[in-house]
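Next come the chains, spelled out residue by residue.
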Amino acid sequence: MISSQTFEDPGKMRDYHYTGPVEHRFSPYAFNGGTVLAVAGEDFAIVASDTRLSEGYSIHSRDSPKCYKLTDTTVIGCSGFHGDCLTLTKIIDARLKMYKHSNNKTMTSNAIAAMLSTILYGRRFFPYYVYNIIGGLDEHGKGAVYSFDPVGSYQRDTYKAGGSASAMLQPLLDNQIGFKNMEGVQHVPLTQDKAVQLVKDVFISAAERDVYTGDALRVCIITKEGISEQTVPLRKD
Amino acid sequence: MALFQVSGFTSYLELRGQILPAGQTQLVDRTNHYNFGTKTQEFAVPLGVDPSGFLKSCNRDGGVCIDLNHGTTTLAFKFKYGVIVAVDSRASAGRYLASNDVNKVIEINPYLLGTMSGSAADCQYWERLLAKECRLYRLRNNQRISVAAASKLLCNMMLGYRGMGLSMGSMICGWDKEGPGLYYVDDEGKRLSGRMFSTGCGSSYAYGVVDSGYRDDMTVEEAYELGRRGIAHATHRDAYSGGVVNMYHMQEDGWIKVCKEDVSELIHRYRKGMF
């Protein structure tokens, strides 16, 4: 029995009851699930995503991570419609190469964020159905997270969750990293090890309660030494 | 063709090119895979469908839910010592609160501010484009653009895409040769000059508060308090507004950022008069 409770109706199954003649139209979008998370620290950034690719009731793949490396200091996480994720990352890669060839330097994280905003807005009337989060180091070496909506509105954050389990993860991050709604707690800055552990715990919780999240977790840790990746198994059911 | 030229018929794209300030932007059905829209800005449009209804129809088809960041209260008023601009900081996507600390004031230059309400992406994009046009004006004409001209540029950008589903309500505030300037521009192409405006879903609450406390000869501190109260009370009653109050004061020698205060703390302070 399908529960009628959803946070924001992502990938809601169609209701099968008779309502009279219904016009079926081709929809250019599909919802492929997946959750992405990014956390920025003092001198590091973490971008993590699950690796499940689903559609409706089926799982297409258990090994389809949603983090894409853009430069040595920037990783983007894209969730939503997988077709648009692939096209968008190809367009970003092409634009990065064009910038490198014209300006003889790699794009910085905030320049990539501003560019992505205009790329997404160029499809304002026929959007890319992708929720993007960029994680990386800014020019001063500090961690930066930029979160986007599907048509390009963006802002810099300290942490952000996007995708199907975002509404479950964001309050947890608000509490653990932002210390919101807690009284008498010391605001300690986040260390890299604690942040990685928190990300793993938070995804384990998401996999428990969100059907579209699970299988495995891919964590990309961005520091000035480079990008290191870890894969952690999650629930496969 | 001879008849085509004699009839004086101008194609739609040419007309748009004359209206829009920054040269031609094109409506295409897919991205140009050679320039990727770097030379001229391109907008992709779904074929054969009315763009403003397209997103809504996708949402109904089940499975897909594209919600865009929305919702605000902003207010601005002129008084004896300049212009006060106060905004909230909440962005909602459908029922989900996307963020509680969005910056809804764009600092175009030290003498011009723009506020954002409605769809976050529309406001950010067009006001960033306006900032670019203002900078180009400054470089070409060796003097700063007037508030009237800046608001007119934004208004014409909106008119170019009227009816296509954009949602933007903005106030352009500045100080130029004519003194303090305040214009309201929205996505329908409306452009009004006035002494006091409030936009967004919480605007009615803000109007009530500011109208009851406004005097032209207020002191600066009284004006700050009025702006704070307007936003705080609006966020208290409107579900789609909240976060912090960001307040700016436009003076003769430029704007200053006055404060960034959490609305829940403000409401606690005002509590004695409320309950």
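Residues numbered from 1 in each chain as written. Chains lettered and ligands numbered in written order. Predicted model: local features only at pLDDT ≥ 70, side-chain atom pairs only at ≥ 80, totals over all residues. Heavy atoms only, no water.

A short note on the overall build of chain A
Looking only at helices and strands, chain A has four helices and twelve strands in total. The C-alpha radius of gyration of chain A comes to 18 Å, within 12% of the 18 Å expected for a compact globule of 237 residues. Each principal axis of the C-alpha distribution contributes one length, and for chain A these read about 60 × 50 × 30 Å. By residue count, 56% of the 237 residues in chain A fall in the buried class. Here the analysis covers contacts within chain A between residues at least 6 apart in sequence; of these, 61% occur between residues at least 24 apart. If you sum the accessible surface of chain A, you get close to 11500 Å²; carbon and sulfur atoms cover 51% of it. Of the charged side chains in chain A, 25 are positive and 26 negative; the average position of the first set lies 4 Å away from that of the second. (Helix = DSSP H or I, 4+ residues; strand = E, 2+ residues; numbered from the N terminus. Rg over C-alpha atoms; globule rule 2.2 N^0.38 Å. Buried < 20%, exposed > 50% of the residue type's maximum accessible area, 1.4 Å probe, protein only. Contact = heavy atoms within 4.5 Å. Areas by Shrake-Rupley, 256 points an atom, 1.4 Å probe, with all protein chains shown as cover. Lys, Arg positive; Asp, Glu negative; His and termini not counted. Charge placed at Lys NZ, Arg CZ, Asp CG, Glu CD.)

Topic: the overall build of chain B
Looking only at helices and strands, chain B has eight helices and 15 strands in total. Counting over 275 residues, chain B shows a buried share of 52%. Long-range pairs, those at least 24 residues apart, make up 59% of the contacts in chain B with a sequence separation of at least 6. As displayed, chain B has an accessible area near 13400 Å², and 52% of this comes from carbon and sulfur atoms.

Side note on the packing of helix α1 (residues 82-103) of chain A against helix α2 (residues 109-121) of chain A
All names here are of chain A. Two elements in contact, α1 and α2, have axes whose closest approach is 11 Å; the angle formed by their N-to-C orientations is 125°. Of the possible angle classes, the one that applies to α1 and α2 is oblique. At the point where α1 passes α2, the crossing takes the right-handed sense. Of α2, the residues touching α1 (which contributes L88, I91, I92, R95 and L96) are I112, M115, L116, I119 and L120. Grouping the amino acids of the contact of α1 with α2 by side-chain chemistry returns nine nonpolar, no polar and one charged. (Axes fitted to C-alpha atoms, helices over the stretch in contact; angles between N-to-C directions. Parallel < 35°, antiparallel > 145°, perpendicular 65-115°, else oblique. Left-handed = near helix turned anticlockwise from the far one by under 90°. Nonpolar A, V, L, I, M, F, W, Y, C, P; charged D, E, K, R; others polar.)

Things to note about the confidence of the model for chain B
Residue and element names in this part refer to chain B. Of all residues in chain B, 82% have pLDDT values of 70 or greater, and the mean over the chain is 86. Ranking the helices and strands of chain B by mean pLDDT puts strand β12 (residues 191-193) first, with 97, and helix α2 (residues 12-19) last, with 61. Scoring the predicted complex yields pTM 0.86 and, for the interface, ipTM 0.83. (pLDDT = per-residue confidence, 0-100.)

Concerning the sheet that holds strand β5 (residues 82-87) of chain B
Residues and elements named next belong to chain B. Within the open sheet, the five strands sit side by side as β13-β4-β5-β14-β15. Their pairing is antiparallel. Of all the strands in the sheet, just β13 (196-200) and β15 (254-262) have a single pairing partner and so form its edges. Within this sheet the neighbouring strands show an average axis-to-axis angle of 10°, counted without direction. Here strand β4 (residues 73-79) runs beside β5; their pairing, made up of six bridges, is antiparallel. From the neighbouring strand, F77 faces β5, where its bridge partner is I84. (Pairing = 2+ DSSP bridges.)

Some details on the packing of helix α4 (residues 120-141) of chain B against helix α5 (residues 147-160) of chain B
For any two helices packed against each other, one specifies the crossing angle of their axes together with the interaxial distance. Residue and element names in this part refer to chain B. Put simply, α4 and α5 touch, their axes get as near as 10 Å, and they point 135° apart. On the basis of the axis angle, α4 is oblique to α5. Judged by the twist between their axes, the crossing of α4 over α5 is right-handed. Residue-level contacts link W126, L129, L130, E133 and C134 of α4 to A150, L153, L154, M157 and M158 of α5.

Describing the packing of aromatic side chains
Going through the model one piece at a time under the given rule, you end up with 17 aromatic pairs over all chains. Aromatic pair F148(A) and Y154(A): ring centres 5.3 Å apart, planes at 10°, arrangement stacked. Each of the two residues, F148(A) as well as Y154(A), counts as buried. Over the ring of F126(A) we find R123(A); its NZ or CZ atom is 4.9 Å from the centre of that ring. Looking at R229(B), its charged tip hangs above the ring of Y270(B), at a distance of 3.9 Å from the centre. (Phe/Tyr/Trp six-rings, centres within 6.5 Å; stacked < 30°, edge-to-face > 60°. Lys NZ or Arg CZ within 6 Å of the ring centre and 35° of its normal.)

Let's talk about the layout of surface pockets
Taken as a whole, the largest pocket spans an internal volume of roughly 1100 Å³. Around the largest pocket, the lining is made up of 33 residues, and of these Y159(A), D174(A), K180(A), N100(B) and D101(B) lie nearest the centre. Those elements giving two or more residues to the lining of the largest pocket turn out to be β9 (154-157), β10 (159-163) and α3 (166-176) of chain A together with β7 (96-99), α7 (220-237), β15 and α8 (263-274) of chain B. Examining the composition of the lining of the largest pocket, we find that five residues originate from one element, α3(A), more than from any other. Taken together, the residues that form the lining of the largest pocket break down as ten nonpolar, 14 polar and nine charged. (1 Å grid on protein atoms, 1.4 Å probe; cavity = no way out; pocket = protein on both sides within 12 Å on 5 of 7 lines; lining within 4 Å. Points joined across faces, edges and corners; volume = space filled by probe spheres on them.)

A look at the UniProt feature "active site" (unreviewed entry) in chain B
Residue and element names in this part refer to chain B. Residues annotated by UniProt as "active site" (unreviewed entry) correspond here to T72. Under the relative-accessibility criterion, T72 is labelled buried at 2%. Beyond its immediate stretch of four places on either side in the chain, T72 contacts D88, K104, M116, S117, G118, T199, G200, C201, G202, D238, Y240 and S241. (UniProt positions renumbered as here; feature names shortened; annotations may be inferred.)

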